[in-house]
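Descriptive structure summary
One-letter residues, chain by chain:
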Amino acid sequence: MIKQPLSILIIEDNAGLAANIYDYLEACGHHPDAAPDGESGLGLLAINRYDAIVLDWMMPRMDGMTMLGRLRQDMKSRIPVIVLTAKDQLEHKLHGFLTGADDYVVKPVALAELEIRLRVLVQRTRGAVAESQVLEVADLRFDLGTLEVSRAGKVLAMTPVRRQLLELLMRRSPALVRREELEALIWKDDVPDNDVLRSHMHMLRKAVDGDAPRKLLKTIAGSGYRLGLSDE
């Protein structure tokens, strides 16, 4: 079983419960973070990387199922999610799993059990990821193991920054990725005043599309960028 510390996002509006989970996970050597609702949770997910999420269902501003749907459908994220809720009916559990939950735990739960469930879930997910280290969109291919990017069999030259941008766009394809997310990925909280992102995206488009008859990288005016064929 995984022994190294995990980065875990707790999304729970009950401040007392969130604090208890936070303190316990921290005492176990993990690196917890917390958000009081789904909207705040999505904001943290846009700028930080987590190994797993503990997600409440009933919350203000954005409830857990709405947030989970956004995570799976819009962000195309497969981060492991444990739904931790007082909703104990079968219909609720089915809805949780169908929306994208990886595990479903009814409150109250022993914190030791929750921590073990998180470890097991992350280990299982990492095993699945290790079996699939290649991202593909149309004839564009990104080998995450070798960091080689190619299109129609031709290897493309990539800088580290543009490789990071491309990975996020490919993981989300064909969904829109907002400018703010791309900027946060590269510069965290220290985004340059000048529009450096536009320059990187211009060079990334030249590398990816070049003279290809079908263009993949598109600018969505005023919003961000998307990667995919126009009919997707």
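Residues numbered from 1 in each chain as written. Predicted model: local features only at pLDDT ≥ 70, side-chain atom pairs only at ≥ 80, totals over all residues. Heavy atoms only, no water.

**Brief notes about the packing of helix α7 (residues 179-187) against helix α8 (residues 196-208)**
The contact between α7 and α8 brings their axes to 11 Å, and the two run at 95°. Of the possible angle classes, the one that applies to α7 and α8 is roughly perpendicular. Where α7 approaches α8, its residues Arg179, Leu182, Glu183 and Trp187 are matched on the opposing element by Val196, Leu197 and His200. Here the contact of α7 with α8 is built from residues that sort into four nonpolar, one polar and two charged. (Axes fitted to C-alpha atoms, helices over the stretch in contact; angles between N-to-C directions. Helix = DSSP H or I, 4+ residues; strand = E, 2+ residues; numbered from the N terminus. Parallel < 35°, antiparallel > 145°, perpendicular 65-115°, else oblique. Contact = heavy atoms within 4.5 Å. Nonpolar A, V, L, I, M, F, W, Y, C, P; charged D, E, K, R; others polar.)

**Focus on the pattern of salt bridges**
Per the counting criterion, the structure on display carries 17 salt bridges. Between Arg172 and Glu181 there is a salt bridge; the shortest N-O distance is 2.6 Å. The burial state of Arg172 is the same as that of Glu181; both residues are buried. Arg179 is paired through a salt bridge with Glu183; the nearest N and O atoms lie 3.3 Å apart. With Arg179 and Glu183 both in helix α7 and four residues apart, this pair spans about one turn of that helix. The class for Arg179 is partly exposed, based on a relative accessible area of 21%. Overall, Glu183 belongs to the buried group, its relative accessible area being 18%. One network of salt bridges, with partners in common, ties together Arg179, Glu183, Asp195 and Arg198. (Salt bridge = Lys/Arg side-chain N within 4 Å of Asp/Glu carboxyl O. Buried < 20%, exposed > 50% of the residue type's maximum accessible area, 1.4 Å probe, protein only.)

**Here's the deal with the sheet that holds strand β9 (residues 154-156)**
Pairing is antiparallel across the open sheet formed by four strands, whose spatial order is β6-β7-β8-β9. Edge positions in the sheet fall to β6 (134-137) and β9, since each of these pairs with one other strand and no more. Within this sheet the neighbouring strands show an average axis-to-axis angle of 25°, counted without direction. In this sheet, strand β8 (residues 148-151) lies alongside strand β7 (residues 140-143) in antiparallel orientation, the contact comprising four bridges. Within β8, the residue paired with Arg141 across the bridge is Ser150. Docked against the sheet, helix α6 (residues 160-172) engages β6, β7 and β8, running at close to 115° with respect to β7. (Pairing = 2+ DSSP bridges.)

**Overview of the sheet that holds strand β5 (residues 103-106)**
Strands sit in the order β2-β1-β3-β4-β5 across an open sheet of five strands; the sheet is parallel. Every other strand in the sheet has two partners, leaving β2 (31-35) and β5 as the edge strands with one partner each. Averaged over all adjacent pairs, the angle separating strand axes in this sheet is 20°, with direction ignored. Bridging between strand β3 (residues 52-55) and strand β4 (residues 81-85) involves three bridges; their strand directions are parallel. Residue Val54 lies in a different strand from β4, and its bridge partner there is Ile82.

**Regarding the packing of aromatic side chains**
Applying the stated rule across the entire model yields one aromatic pair. For the pair Phe97 and Tyr104, a centre-to-centre distance of 6.2 Å together with 45° between the ring planes defines the contact as tilted. Judged by relative accessible area, which is 40%, Phe97 ranks as partly exposed. Among the residues examined, Tyr104 registers a relative accessible area of 9% and is labelled buried. Sitting above the plane of the Trp57 ring, Lys87 keeps its charged end 5.3 Å from the centroid. (Phe/Tyr/Trp six-rings, centres within 6.5 Å; stacked < 30°, edge-to-face > 60°. Lys NZ or Arg CZ within 6 Å of the ring centre and 35° of its normal.)

**Some points on the nonpolar core**
With 27 residues, the main nonpolar core has Leu140, Leu166, Leu169, Leu204 and Leu227 as its most contacted residues. When residues of this core are traced back to their parent elements, those giving at least two are β6, β7, α6, α7, α8 and β12 (224-227). Element by element, the count of residues in this core is highest for α6, at five residues. In this structure Leu140 touches Leu135, Val149, Ser150, Arg151, Leu156, Leu166, Met170, Val208, Leu216 and Leu227, once residues within four positions along its chain are discounted. (Core = buried A, V, L, I, M, F, W, Y, C linked by side-chain atoms within 4.5 Å.)

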